[in-house]
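# Tertiary structure, described
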Amino acid sequence: MEHTMSHAENAGDREVTEARERLDQLDQQIIRAVKERVSFSALVQSSRIARGGCRTDSARENVVVGRYQDGLGPAGRDIGLSLLRLCRGRDPVPAVTGGARRLRRAFLGPAASVSHQAAEAWPGPPGAELLPVDSLEEAVAGPGKGAAEEAVVPLENSVSGPVHDTLFALAAGDAVSVAGQARLPVDWVLAAAPGTALTSVDTVASHPHALTQTKRWLTGVLPGATSTSAASTSRSAAGLLRPDAPYEAVICTRRAAEHYRLDVLARPGRAQMPVTRFVLVRPTGAPPAPTGNDVTSVALTAPVSALTGILECLAQEHAEVLGLHALPAGEASRLLWLDVRGHATDPHLLHVLSALREHGERLRMAGTYPAAPPADFAAGQRTSPSGEGARAAGSRRGTGGGEGRDGDPGEGRGR
């Protein structure tokens, strides 16, 4: 009798243990499903804001709450409301004050991208509306088409070099120009869905620039992993929560990992933190007044055979080149992006531009703006004594790289 009771108790214990294990599995599935819903909700909100709408849709939320109440009874209403509060997350658009129209600032989205962080940090009038867009070309073109008053876009990065899409977009049209610059250290992390072990990661996704910036470090952390490209770092983070995601981890910012509720598996040391140079793009107009410490950006399309002559011209004219990038623009042409010390109204700089025109097929002054970042740029960017970057970059004139600091161009590509 006692043996029979003991056997029954053991069987009951096993059933309870198995049931609890299954409950744990279901909880993990529910959490993963909720996180996936949060990520898609963020994409819907970003798209709605980009079209000029509100972040939330009350009618849609009532439908969602009703669905949970119908399916789960009165308690389902509370679950639905809690889920909606979780999905609303952090509002990427500051509250509107007064009845005046808000300044619209475009950036490469979706929410929690590096560009989003830079757009938030850039000073401006209270209540500026941040507009996530799907491509850098769209962000650059927006101010010229009236879709936004300005845009904040990455121009180059200290590790991966120039952002080709931005440079080509700025060189192609005359409707917009660069109006300012600032630098943002990028806090990359390797992130994955909750519960993912580092040893189970075979494929890592991110924007190509982020993968380039972290390639050496990532190879040390995951020597056998392969990488795959995504449209943006935050989009890859959001996509990771899909059950059919074709990758197990992403390179994204720490903020994106927090926004999309991912686990951080590893992160580079601060010494390996790249810095991205962002620029402010506005409709082309009269140049701003000189500050005494200005930069003029020039886009020059020229045949490959003319490159030596262009470098000799810059040297002969004593142009203080802070950064120079040469990008392929066809089989026999190059797009040269030059950042030159001086204001667009300086007689010496105007003489330099006139001399350059003789060597190229098309020259466009892409902007003249203060070398120093906005005084209240709130991104914790690196600084150094004024002029140090100019001396460093000047010693590398014509190399295609530049390594400017405080206010000087030359720190490569990034998103």
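Everything discussed here concerns the structure shown above.
Throughout what follows, the structure given in this document is the object of discussion. These figures come from a predicted structure and were not determined experimentally. (Residues numbered from 1 in each chain as written. Predicted model: local features only at pLDDT ≥ 70, side-chain atom pairs only at ≥ 80, totals over all residues. Heavy atoms only, no water.)

### Section: the sheet that holds strand 14 (residues 333-341)
Strand pairing in a sheet relies on backbone hydrogen bonds, with the paired strands running either antiparallel or parallel. So the rule is basically this: One bridge is not enough; two strands pair if DSSP finds at least two bridges between them. Under the scheme used here, helices are H or I runs from DSSP no shorter than 4 residues and strands are E runs no shorter than 2 residues, and both carry numbers assigned from the N terminus. For helices, the fitted axis covers only the stretch in contact; all axes are lines through C-alpha atoms, and the angles between them, taken along N-to-C directions, range from 0 to 180 degrees. Any two residues whose heavy atoms approach within 4.5 Å at even a single point are treated as in contact.
Read from one edge to the other, the open sheet built from four strands follows the order 13-14-12-15, with strand pairing classed as antiparallel. The open sheet has two edge strands with one neighbour each: strand 13 (321-328) and strand 15 (362-370). Going across the sheet, the axis of each strand differs from the next one's by a mean of 15°, ignoring polarity. Packed on one face of the sheet, helix 12 (residues 347-357) meets strand 12 (294-303), strand 14 and strand 15 and runs near 155° to strand 15.

### A few points about the side chain of glutamate 317
To keep it simple, the criterion reads: Distance and chemistry together define a polar contact, namely a pair of N or O atoms within 3.5 Å, with one atom able to donate a hydrogen and the other to accept it when in protein, and with adjacent residues in sequence counting only for side-chain atoms on both sides.
Turning to its location among the elements, glutamate 317 is positioned in the loop between helix 11 (307-316) and strand 13. Separated by 3.1 Å, the side chains of glutamate 317 and histidine 351 make a polar contact. Among residues more than four places away in sequence, those in contact with glutamate 317 are His348, His351, Val352 and Ala355.

### Observations concerning the pattern of salt bridges
Put simply, the rule reads: A side-chain nitrogen of Lys or Arg and a carboxyl oxygen of Asp or Glu constitute a salt bridge if their distance falls within 4 Å. Between buried and exposed lies partly exposed: a residue is buried under 20% and exposed over 50% of the maximum accessible area for its type, with that area taken using a 1.4 Å probe on protein chains only.
In total, this model carries 14 salt bridges according to the counting rule given. Of the charged contacts in the structure, one is a salt bridge between glutamate 120 and arginine 255, with a shortest N-O distance of 2.6 Å. One end of the pair, glutamate 120, is in helix 4 (residues 114-121); the other, arginine 255, is in helix 10 (residues 254-259), and 135 residues separate them in sequence. You can call arginine 255 buried: its relative accessible area is 19%. Here arginine 277 makes a salt bridge to glutamate 156, at a shortest N to O gap of 2.7 Å. Here glutamate 156 lies in strand 3 (residues 150-157) and arginine 277 lies in strand 11 (residues 275-283), a separation of 121 residues in the sequence. Like arginine 277, the residue glutamate 156 is buried in the burial classification. If you follow the salt bridges from partner to partner, you end up with Arg105, Glu150 and Arg282 in one network.

### A word on the packing of aromatic side chains
Inclusion rule: Planes of paired rings set the category: under 30 degrees apart is stacked, over 60 is edge-to-face and the rest tilted, where pairs are Phe, Tyr or Trp rings (Trp by its six-membered ring) whose centres lie within 6.5 Å.
Across all of its chains, the model carries one aromatic pair by this definition. Relative to phenylalanine 377, the ring of tryptophan 122 has its centre 5.5 Å away and its plane inclined at 70°; by these criteria the two rings are edge-to-face. Of this pair, tryptophan 122 sits in the loop between helix 4 and strand 2 (129-133) while phenylalanine 377 sits in the loop between strand 15 and helix 13 (388-394), and the two are 255 residues apart along the sequence. In this pair, the class of tryptophan 122 matches that of phenylalanine 377, namely buried.

### Here's the deal with a nonpolar patch on the surface
Rules: Only residues above 30% relative accessible area that lack a salt bridge enter a patch, with like-charged residues linked at up to 9 Å and the nonpolar side chains Val, Leu, Ile, Met, Phe, Trp and Tyr linked at up to 5 Å. Areas reported here follow the Shrake-Rupley algorithm with a probe of radius 1.4 Å; residue values treat only the protein chains shown as occluding.
On the surface, a nonpolar cluster with roughly 260 Å² of combined accessible area is contributed by Leu23, Leu26 and Ile30. Looking at where isoleucine 30 falls in the secondary structure, it is placed in helix 1 (residues 2-50).

### Observations concerning a negative patch on the surface
Filter applied, for reference: The convention is simple: Lys and Arg are positive, Asp and Glu are negative, and His and the chain ends are not counted. By convention, the point assigned to a charge is CZ for Arg, NZ for Lys, CD for Glu and CG for Asp.
A surface patch of negative charge is lined by Glu15, Glu18, Glu21, Asp24 and Asp27. Among the structural elements, glutamate 21 can be located in helix 1.

### Notes on unusual backbone geometry
Of note, the amide linkage connecting glycine 109 to proline 110 takes the cis form, showing an omega dihedral of 5°. Inspection of the secondary structure puts proline 110 in the loop between strand 1 (104-108) and helix 4. One non-glycine residue, alanine 112, adopts positive backbone phi at about 75°. Residue placement: alanine 112 occurs in the loop between strand 1 and helix 4. One non-glycine residue, histidine 318, adopts positive backbone phi at about 55°. As for its position among the elements, histidine 318 is in the loop between helix 11 and strand 13.

### Examining the packing of helix 5 (residues 136-145) against helix 6 (residues 164-172)
We count it as follows: Crossing chirality is assigned from the near helix's rotation relative to the far helix, an anticlockwise turn below a right angle marking it left-handed and a clockwise turn marking it right-handed. When residues are grouped by polarity, Ala, Val, Leu, Ile, Met, Phe, Trp, Tyr, Cys and Pro land in nonpolar, Asp, Glu, Lys and Arg in charged, and all others, Gly among them, in polar.
Where helix 5 meets helix 6, the axes come as close as 9 Å, and the angle between the chain directions of the two elements is 30°. Helix 5 and helix 6 meet at a crossing whose hand is right-handed. Counting all contacts with helix 5, which are made through Leu136, Glu137 and Val140, the residues of helix 6 involved are Asp165, Thr166, Ala169 and Leu170. The residue inventory of the contact of helix 5 with helix 6, partitioned by class, reads four nonpolar, one polar and two charged.

### Section: the environment of alanine 175
By secondary structure assignment, the location of alanine 175 is in the loop between helix 6 and strand 5 (176-185). For alanine 175, the contacting residues outside a window of four places in its chain are Gly144, Arg282, Pro283 and Thr284.

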